[in-house]
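What follows is the residue order along each chain.
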Amino acid sequence: NYLSKYSKAPVICKLVGRKVLDGVGQPTLEVEIYCTVKNYEKRICSTVMSCHSQIPENALPETIEADEKERNDSVNTAVEWVNESLNTMLRDLEPTDQCQVDKMLGEYFTNKVEEKKKTQKQEEEAAEATPALTPPTPSSASPPVKNKAAKAGKKVSVAERPIPPAEPAEPVLCGSLAIGGTSLAIAKAGATINHIPLYSHIALLKHDQESPEEITLPLPMITLLNCEKMSPSKLKLVKEVMLIPPVQLSLKQGIERVLHIQKEMTRLLESPGKMPGPQPEDSKKGRAQNSGKKGLPQFLKRISHLGCLTTGYDDVEQLLLVMQTACSNIGLELGTEVYLAINCAAHELMDYDKGKYEILTGTFKSPDEMVAMYGELIDKFPFIIALIDPLRKEDREQWSNICCALGSKCYLIAEDAATCVSKLKIDQNINTPMCSGVVLKYINQTKVSDLIELTGILHGQRHITILGSPDGESSDDSLVDLAVGLGARFIKLGGLSRGERVTKYNRLLAIEEELAKNRNLR
């Protein structure tokens, strides 16, 4: 093999796009990279994109059906882009030149957006030129907040301010999956060609080809419970309950600890009347056990698409007391040996007719009342160290208030409340500037270079980065390598069930073992 080092560097010879299924049975895109290596065509790698839907859990069947059709069309267009335009455009480029590839992908996407705008403008002009046969009807897509003023004679408190209307969802160009899928596949190909792991390749790209001496693994936010908002239970405020192991534990030890808690929670939920163990008369643990016993919810025997147990509760305190009970039963203390994070998904709670959040069935709170409620909750349960999306992105004043009140006590993280990645890169405005951090998702037209640039921006603004997996997760484990290579503080992968979720935790464990062996783990 002496002369092989003098051979021409591998170049891209073919891209193959195909329609496959993600972890919840929805269509998504797979991109394969073929390179010319020593004059032979060779398959280097492939990547499967994860799909993210902006449709809430409680959406109408017609809305869900329309979303599925739109997704199907988008995947078909993405496959076409990869197999035709991108295949021709990227041929003969070196897969190690990520910046050049991403630049070309960005220009291609910009041209497609401009084409779409021109087409829409022509359609609008044609519609204006055509005489209307029927009187115009009001658009059904108008923000539901306008209905609030339509109810005549209804008493409105003078002290209550009108809420900002919902901002329209960021438009997603049909076929945009092709950009993200191709960029990630090229990054994987570059790592394979250089004979290094993907996380090392990403770290080199981030640090201008200088390899960091030590790498810190992101802390996992492991989803334990998915609180069913459509079940007979009353609690709507909590979507996900997540456990965060302490930093002094290895990742392997942390996951084992969460598994122990998960087993105990399952036992408590399946047999609420059978909670053995001594109950000290005057201890906190005893009080937690007594409180947790009362009125435990009926356990829903299914695993959520997030890879965790599905259940429901009547209020937040009941949920947290049961969590305390489960931990104390196995000799763990919340707040020292394991921490809690809650995903509130507040954008799914707003009742636009009332202008308030429905935190329990029939119980509503204004944005200002929500800030006060979170303050009381964190004071009472200090083991909660992170709140994700406690408010809608439109409630900017309340975001500032909650960050001032609780910023020193827990992380206040924006997921859906943050600006989308493409917009964030342009104006560097995360929408909630005082929040602790942002959850970034690798979806649609996001490119590897975008994430590298954004993590640098967020670090400069003293925000933490959390890499999160979308609802429609795939079996591809590249997200873990991205999080490690980018130096993310946390990684949010869902629960410890379902193959597409567990694959990523296994990859994280493998990286920890590899870094420890090479003495690169901080």
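Structure first, text after, so check above.
The text that follows walks through the structure, step by step, so that each part is easy to find. (Residues numbered from 1 in each chain as written. Predicted model: local features only at pLDDT ≥ 70, side-chain atom pairs only at ≥ 80, totals over all residues. Heavy atoms only, no water.)

1. Quick look at helix H4 (residues 177-193)
As a reminder, the rule being used: For the purposes of this entry, the term helix denotes a DSSP run of H or I that reaches at least four residues, the term strand denotes a run of E that reaches at least two, and both are numbered from the N terminus. In this scheme, a helix's expected span is set at 1.5 Å multiplied by one less than its residue total.
Relative to the 24 Å expected for 17 residues at 1.5 Å per residue, H4 spans 24 Å between its end C-alpha atoms, a close match to the ideal helical length. Remark: His 195 follows H4 within two positions and exhibits a positive phi of approximately 60°.

2. Structural notes on the packing of helix H2 (residues 98-129) against H4
For clarity, the cut-off: Here, axes are lines fitted to C-alpha atoms. For helices the fit covers the stretch in contact, and angles between N-to-C directions go from 0 to 180 degrees. Geometric relationships in this document are graded by angle, where less than 35 degrees denotes roughly parallel, more than 145 denotes roughly antiparallel, 65 to 115 denotes roughly perpendicular, and other angles denote oblique. Every residue pair with non-hydrogen atoms within 4.5 Å of one another is taken to be in contact. Any residue outside Ala, Val, Leu, Ile, Met, Phe, Trp, Tyr, Cys, Pro, Asp, Glu, Lys and Arg is labelled polar, Gly included; the first ten of those are nonpolar and the last four are charged.
Closest axis-to-axis distance for the H2/H4 pair is 10 Å, and the angle between their directions is 170°. One element, H2, and the other, H4, form an angle in the roughly antiparallel class. Counted together, Gln 98, Val 101, Asp 102, Leu 105, Tyr 108 and Phe 109 of H2 and Ile 179, Thr 182, Ser 183, Ile 186 and Ala 187 of H4 form the full contact between these two elements. Across the contact of H2 with H4, the residue classes break down as 7 nonpolar, 3 polar and 1 charged.

3. Quick look at the state of the cysteines
Put simply, the rule is: Count a disulfide wherever a pair of cysteine sulfur atoms falls within 2.5 Å. Each residue is assigned to one of three classes by its accessible area relative to the maximum for its type, calculated with a 1.4 Å probe on protein chains only: buried under 20%, partly exposed between the two thresholds, exposed over 50%.
Overall, the coordinates contain 0 disulfides when judged by the stated rule. With no disulfide of its own, Cys 45 lies 7.7 Å from the sulfur of Cys 35, the closest cysteine sulfur. Given a relative accessible area of 7%, Cys 45 falls into the buried group.

4. Topic: the packing of helix H5 (residues 198-206) against helix H13 (residues 478-486)
Rules: Each helix crossing is assigned a hand: it is left-handed if the near helix lies turned anticlockwise from the far helix by less than a right angle, otherwise right-handed if that turn is clockwise.
Contact pair H5 / H13: the axes reach a minimum separation of 8 Å and the direction vectors enclose 40°. Between H5 and H13, the crossing angle belongs to the class labelled oblique. For H5 against H13, the interelement crossing comes out right-handed. Facing H5, whose interface residues are Leu 198, Tyr 199, Ile 202, Ala 203 and Lys 206, H13 presents Ser 478, Asp 481, Leu 482, Val 484, Gly 485 and Leu 486.

5. Re the environment of Leu 29
Relative to the helices and strands, Leu 29 resides in strand S2 (residues 27-37). Judged by its relative accessible area of 0%, Leu 29 falls in the buried class. Spatially, the C-alpha atom of Leu 29 lies 6.1 Å from that of Val 75, the residues being 46 residues apart in sequence. If we ignore the near neighbours within four places in the chain, the residues touching Leu 29 are Gly 17, Arg 18, Val 20, Thr 47, Val 48, Met 49, Val 75, Ala 78, Val 79, Val 82, Leu 177 and Ala 178.

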